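Chain and residue survey
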Amino acid sequence: MSDLSKSTIDTFLDQFADDFIDLRLDEAGAEISAELEESHLKVRLGVGFPVARHRYRLSAALEAALREAFEALDKVTIEVQSSVRSHAVQANLKPIDGIANVIAVASAKGGVGKSTTAANMALALASEGARTGLLDADIYGPSQPRMLGLRGRQPTSPDGKHVDPLKAHGIVAMSIGFMVDEATPMVWRGPMVTQALNQLIAQTNWGELDYLIVDMPPGTGDTQLTLGQRVPLSGVVIVTTPQDIALLDARKGLKMFEKINVNVLGVVENMSTHICSKCGHEEHIFGNDGGRRMAEEDGVPFLGALPLDIRIREQADGGVPTVIAEPDGGLADDYRRIALRATSRLAAQKRDYSHRFPNIVVE
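The rules we used
- Residues numbered from 1 in each chain as written.
- Predicted model: local features only at pLDDT ≥ 70, side-chain atom pairs only at ≥ 80, totals over all residues.
- Heavy atoms only, no water.
- Helix = DSSP H or I, 4+ residues; strand = E, 2+ residues; numbered from the N terminus.
- Rg over C-alpha atoms; globule rule 2.2 N^0.38 Å.
- Buried < 20%, exposed > 50% of the residue type's maximum accessible area, 1.4 Å probe, protein only.
- Contact = heavy atoms within 4.5 Å.
- Areas by Shrake-Rupley, 256 points an atom, 1.4 Å probe, with all protein chains shown as cover.
- Lys, Arg positive; Asp, Glu negative; His and termini not counted.
- Charge placed at Lys NZ, Arg CZ, Asp CG, Glu CD.
- Arc of directions from axis to C-beta.
- Salt bridge = Lys/Arg side-chain N within 4 Å of Asp/Glu carboxyl O.
- Polar contact = N/O pair within 3.5 Å; in protein donor to acceptor, adjacent residues only side chain to side chain.
- Pairing = 2+ DSSP bridges.
- Axes fitted to C-alpha atoms, helices over the stretch in contact; angles between N-to-C directions.
- Phe/Tyr/Trp six-rings, centres within 6.5 Å; stacked < 30°, edge-to-face > 60°.
- Lys NZ or Arg CZ within 6 Å of the ring centre and 35° of its normal.
- Parallel < 35°, antiparallel > 145°, perpendicular 65-115°, else oblique.
- Nonpolar A, V, L, I, M, F, W, Y, C, P; charged D, E, K, R; others polar.

Summing up its helical and strand segments, the chain has 11 helices and 15 strands in all. By the compact-globule yardstick of 21 Å for 363 residues, the chain fits well, its C-alpha radius of gyration being 22 Å. Each principal axis of the C-alpha atoms in the chain carries an extent, and together these give about 70 × 70 × 35 Å. For the chain, with 363 residues in total, the buried portion stands at 50%. Put simply, of all contacts in the chain between residues at least 6 apart along the chain, 75% involve residues at least 24 apart. If you sum the accessible surface of the chain, you get close to 17100 Å²; carbon and sulfur atoms cover 49% of it. The average position of the 37 basic charges and that of the 48 acidic charges among the side chains of the chain differ by 4 Å.

Dropping the structure here:
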């Protein structure tokens, strides 16, 4: 491309696709400015999702694309900045003070790896520089204490009314599993579960967070509906396996969130493929591309696929999830890609401005 004009460069930047998040910069809501001084191009990108690690990959890819498109450029300088803002939630709810965005990770079916995905997504966002919290909302089967290496630890209360979340691997976390022994069953009816969840959310000193990831309980019953209607959610990520039976339940969960006006950020296909550690043979044990097809049929983004890999299980069971255990490995990159694809799509959505205006009461 020989035309080195400012307008041509601006058009090119808007349409540049970040392959890692699978979006064009304009689709991701990026704020872009460019200055051209003779053959020196200075580009400033402002994105609405965390990029502490990803900015280097993004800058390198963009510079390479610019140099290929505009051969007359002698020097390219790229600056990438991130600012996570609060986004709109259900119409009748307000964001939680101090928490910019609450993202639910749901499956509607147990055993598909939802909790492992939620933990690694939270840790991936933290590794990209976001202030991140993780709420284990599965009252009957809390698994985050073990996954985060916090078994046997209990939160403290500074005032007898609120509790401080526990910290692990750069995030804060809260779970009913911190309050009871791991082997103790929670034999509670629905109203007790709802009350406990409300307390975990409202009475935890979360501090200032960019994202609170909620590990949802499986199913589409009273507990899930209560969470969806009472917790201000900026979006939800649906986790499934490619198996037809799992997809049936995952679609029910997706439809439930759509009915209560929660933004579906996309679908994750877990246990997508298995590669034998002995011979290297790859096999689609649970089916092929079921999550991708579901996303296409329901008109929502496909965020990515995760393999059935023994390391993911071993690392989660050991309290050091994959993103922490092997931060530079391919599996951690898969989780980081999914986390950034979800939050970049959230960044392109409508922002929340309700906190700018006071409540007006007429007496």
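Continuing now.
This next bit is on helix α8 (residues 290-298). Those residues of α8 that fall on the buried side of the exposure criterion are G290, G291, M294, A295 and D298. In a view along the axis of α8, the buried residues occupy a sector of 135 degrees, so they form one face of it. Of the exposed residues in α8, those oriented more than 90 degrees away from the buried face are E296 and E297. Tucked inside the fold, the buried residues of α8 contact β11 (235-240), α7 (244-259), β12 (264-269) and β15 (302-305).

Our focus in this paragraph is the side chain of E269. Here E269 is to be found in strand β12. The side chain of E269 is buried and forms no salt bridge, while R292, the nearest opposite charge, is found at 6.7 Å. A distance of 3.1 Å separates the side chain of E269 from the backbone nitrogen of G290, its partner in a polar contact. Setting aside its immediate chain neighbours within four residues, E269 contacts T240, T241, P242, D289, G290, G291, R292, F302, G304, A305 and L306.

Before going further, it helps to spend a moment on the sheet that holds β15. In spatial order, the strands read β8-β9-β7-β10-β6-β11-β12-β15; together these eight strands make up an open sheet with mixed pairing. The sheet terminates laterally at β8 (166-168) and β15, the two strands that pair on one side only. The mean inter-strand angle of the sheet, taken between neighbouring strand axes irrespective of direction, is 25 degrees. Sheet topology places β8 next to strand β9 (residues 171-175); three bridges connect them, and they run antiparallel. Across the sheet, L166 pairs through a bridge with A173, a residue of β9.

Turning to the packing of aromatic side chains, a few remarks are in order. Counted by the stated rule, this structure contains one aromatic pair. Look at F12 and F70: their rings are 5.5 Å apart centre to centre, the planes differ by 80 degrees, and that puts the pair in the edge-to-face class. Of the two residues, F12 sits in helix α1 (residues 6-15) while F70 sits in the loop between α2 (54-69) and β5 (75-82), which places them 58 residues apart along the sequence. Using a relative accessible area of 1% as the deciding quantity, one classes F70 as buried. Across the ring face of F20, the terminal group of R57 is positioned such that the distance to the ring centre comes to 3.9 Å.

Below, the discussion takes up the pattern of salt bridges. Under the criterion given, the structure shown has 22 salt bridges. Among the salt bridges present, the one from R311 reaches E326, with a minimum N-O distance of 3.4 Å. In this pair, R311 sits in helix α9 (residues 310-317) while E326 sits in the loop between α10 (322-325) and α11 (330-347), placing the two residues 15 residues apart along the sequence. Overall, the relative accessible area of 27% leaves E326 in the partly exposed class. Via salt bridges that share partners, R251, K255, E258, E297 and D298 belong to a single interconnected network.

Next up on the list: the packing of helix α3 (residues 114-127) against α11. Taken N-terminus to C-terminus, the directions of α3 and α11 make an angle of 80 degrees; their axes are 8 Å apart at the nearest point. If you check the angle between α3 and α11, you find them roughly perpendicular. When α3 is examined against α11, the residues T116, T117, N120, M121, A124, L125 and S127 are found in contact with a partner set consisting of Y335, R336, I338, A339, L340, A342 and T343. Along the lines of polarity and charge, the residues of the contact of α3 with α11 split into eight nonpolar, five polar and one charged.

Our focus in this paragraph is the sheet that holds strand β4 (residues 40-47). If you trace the three strands from one edge of the open sheet to the other, you get β3-β4-β5, paired in mixed fashion. What marks the edges here is a single partner per strand, and that holds for β3 (31-37) and β5. Strand-to-strand, the axes of this sheet are offset by a mean angle of 10 degrees, without reference to chain direction. Of the strand pairs in this sheet, β3 and β4 are connected by seven bridges, and their pairing is antiparallel. Each residue of the ladder has a partner; that of A34, found in β4, is V43. Packed onto the sheet, α1 meets β3 and β4 and runs at close to 145 degrees relative to β3. Packed on one face of the sheet, α2 meets β4 and β5 and runs near 145 degrees to β5.

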